[in-house]
Structure formats: structure tokens, C-alpha cells
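Letter by letter, the chains look like this.
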Amino acid sequence: CIGRPFWEIPVWPDSILTDLQASFQHVIATGEFMRFEVEFFMPGRETQLLTTDITLKPIRNALGEVAFVVLEGRDITERKRAEAEVARQHAQLQLLYEQVRQLDQLKSMFFAMMNHELRTPLTLIMGPIESLLQQASLPQQTRQTLEVVMHNARLLFKLVNDLLEVSCLEQGKLELHYESCDLSRLVHLLAANFDTVAAQRQLTYRVQT
């Protein structure tokens with residue numbers, strides 16, 4: 001190929017020869033450095049797409065005229081494939097992030113809805129029970145049973161409020177505060193919830209703290 005233009009080298013496909021010739025003439029006429037990427041199939045290997053980084057560097061003589069043009073071609077196919085894979089994975093991560101964000105919004109909406117939907121029936125349950133407990137003529141056994149029902153209704157009401165607090169906590173709108181409590185009393189209160197159930201099933205249990 002000595003003494004022949006570089007575009008006559010059989011490595012170049014016809015699809016990019018025109019652009020190569022035009023770029024070469026532009027460098028000769030302007031003396032500007034050029035760099036660009038081309039994609040093409042190698043002659044004889046039409047199933048393999050190559051990406052090449054092309055540079056055209058003008059070399060001037062003592063008079064400042066362009067005497068030579070140095071062409072360099074670097075095979076960057078693997079690098080471009082790696083960049084494409086990184087871009088694909090990044091897009092996939094963005095999609096997953098968006099899906100997680102939407103699910104998080106749906107979860108917050110669900111908590112808010114459940115908080116509202118459960119508060120109303122619980123309030124309607126606790127209201128009549130409070131009225132019954134205020135009656136002085138209420139039999140002791142009935143009073144104890146209603147007190148257990150009331151205690152559990154209040155506990156459930158608190159759990160409903162906790163759902164909303166968890167949602168606020170995840171959004172950074174709530175701070176946790178730690179405090180001491182009477183663990184023995186708490187255990188006895190929890191155990192008392194099962195007095196009626198234990199009696200119905202003829203079970204006897206004892207709490208020792």
C-alpha cells in the first residue's frame with residue numbers, strides 16, 4: 001500500500017470511504033486535527049461490527065504547510081460494548097429505583113388509608129363499651145369482660161396509630177424517644193387480656209414477675 005492513499009487499503013468498507021476521503025481533504029485544507037468514531041463490518045467478517053476511533057493529525061513543514069497527515073485507527077469495540085453494558089445496567093437500576101419509589105408511595109397511602117378506615121369502627125366500638133362501664137349496676141363478671149374488651153380495643157387503636165407513625169418515621173418526620181417502664185406491670189396487663197379465653201378453655205395460668 002506504499003505510495004497509495006490510505007482509503008485504498010482493503011480494510012475499509014465502501015460505506016465509510018466517502019467520509020474518510022472528505023475528512024482527509026478537510027485536514028489538508030484547514031490544518032485542523034480531527035477525531036471521530038466509525039462503525040463498520042470488516043470485509044470478510046460481515047457478522048462482526050467494529051467500532052474504531054479515527055484520528056487525522058496534520059504534520060506541517062518548515063513553511064507551515066500541511067505536508068503529511070498521520071492517520072491512526074484504534075479498535076474500541078470492547079470499550080464501547082462495556083460502556084453500552086454499563087448504560088444498560090444503569091437504566092435498569094433507574095427503573096428498579098422508580099418502581100421501589102412508587103411502591104413506597106403506595107405503601108404510605110395504604111398506611112394512611114388503613115389508619116382512617118380502622119379508626120372509625122374502633123371508635124364506634126369503644127364508645128358503647130365506655131358507656132356500659134360507667135353503669136354502677138353492672139355485674140362484676142360482665143364488667144371484667146368489658147374491661148378486657150376495652151383494653152384490647154385501646155391496644156388495637158394504638159397499633160393503628162403506630163402504623164401511621166411508622167410511615168412518618170420512614171419519611172423522616174418522626175423521632176424515636178426511649179423511656180423506662182414498669183415491665184412487671186406491663187406483663188400483668190398483657191396477661192390479663194387472656195383471662196376470659198383461658199377460662200373458656202378451662203386453662204389455668206400464673207404470671208410470676
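Above this text sits the structure in question.
The structure contained in this document is the topic of the report that follows. Bear in mind the structure is a predicted one, so any value in this text is a computation, not a measurement.

**What to know about the pattern of salt bridges**
Thinking step 1. The tally for this structure, following the rule as stated, stands at 10 salt bridges.
Thinking step 2. Put simply, K80 and E37 hold a salt bridge, and the shortest N to O gap is 3.2 Å. Here the residue K80 occupies a position in helix α2 (residues 77-133), and E37 occupies one in strand β1 (residues 34-42), the gap between them amounting to 43 residues.
Thinking step 3. A relative accessible area of 41% places E37 in the partly exposed class.
Thinking step 4. Overlapping salt bridges bring together E37, R79, K80 and E83 as one network.

**Concerning the nonpolar core**
Thinking step 1. Formed by 13 residues in total, the largest nonpolar core has its most connected members in W12, I16, F36, V38 and L56.
Thinking step 2. Contributing elements (two or more residues each) for this core: α1 (14-30), β1 and β2 (45-60).
Thinking step 3. For this core, the element with the most residues is α1, which contributes five residues.
Thinking step 4. Each residue touching I16, except ones within four places of it in the same chain, is listed here: V38, E39 and F40.
Thinking step 5. L133, L138, L146 and M150 belong to the second largest nonpolar core, which has seven residues in total.

**Considering the side chain of T51**
Thinking step 1. Note on placement: T51 falls in strand β2.
Thinking step 2. If we ignore the near neighbours within four places in the chain, the residues touching T51 are E37, V38, E39, R74, D75, I76, T77 and K80.

**Considerations on α1**
Because an α-helix completes one turn every 3.6 residues, residues spaced three or four positions apart along the sequence face the same direction.
Thinking step 1. A rise of 1.5 Å per residue sets the reference length of α1, with its 17 residues, at 24 Å; its end C-alpha atoms lie 25 Å apart and thus fit the reference within 8%.
Thinking step 2. Taken as a whole, α1 has its buried residues at I16, L17, L20, S23, F24 and V27. Looking straight down α1, one finds that the buried residues subtend no more than 135° of arc, so they occupy a single side. For α1, the exposed residues lying more than 90 degrees away from the buried face are D14, T18, D19 and A29.
Thinking step 3. Following α1 by one or two positions, G31 has its phi on the positive side, about 75°.

**Some details on the environment of L118**
Thinking step 1. Positionally, L118 belongs in helix α2.
Thinking step 2. On the basis of relative accessible area, L118 is assigned to the partly exposed category, the value being 31%.
Thinking step 3. Through-space distance from the C-alpha of L118 to that of F157 is 8.0 Å; in sequence the pair is 39 residues apart.

What counts and how
Residues numbered from 1 in each chain as written. Predicted model: local features only at pLDDT ≥ 70, side-chain atom pairs only at ≥ 80, totals over all residues. Heavy atoms only, no water. Salt bridge = Lys/Arg side-chain N within 4 Å of Asp/Glu carboxyl O. Helix = DSSP H or I, 4+ residues; strand = E, 2+ residues; numbered from the N terminus. Buried < 20%, exposed > 50% of the residue type's maximum accessible area, 1.4 Å probe, protein only. Core = buried A, V, L, I, M, F, W, Y, C linked by side-chain atoms within 4.5 Å. Contact = heavy atoms within 4.5 Å. Expected span 1.5 Å × (residues − 1). Arc of directions from axis to C-beta.

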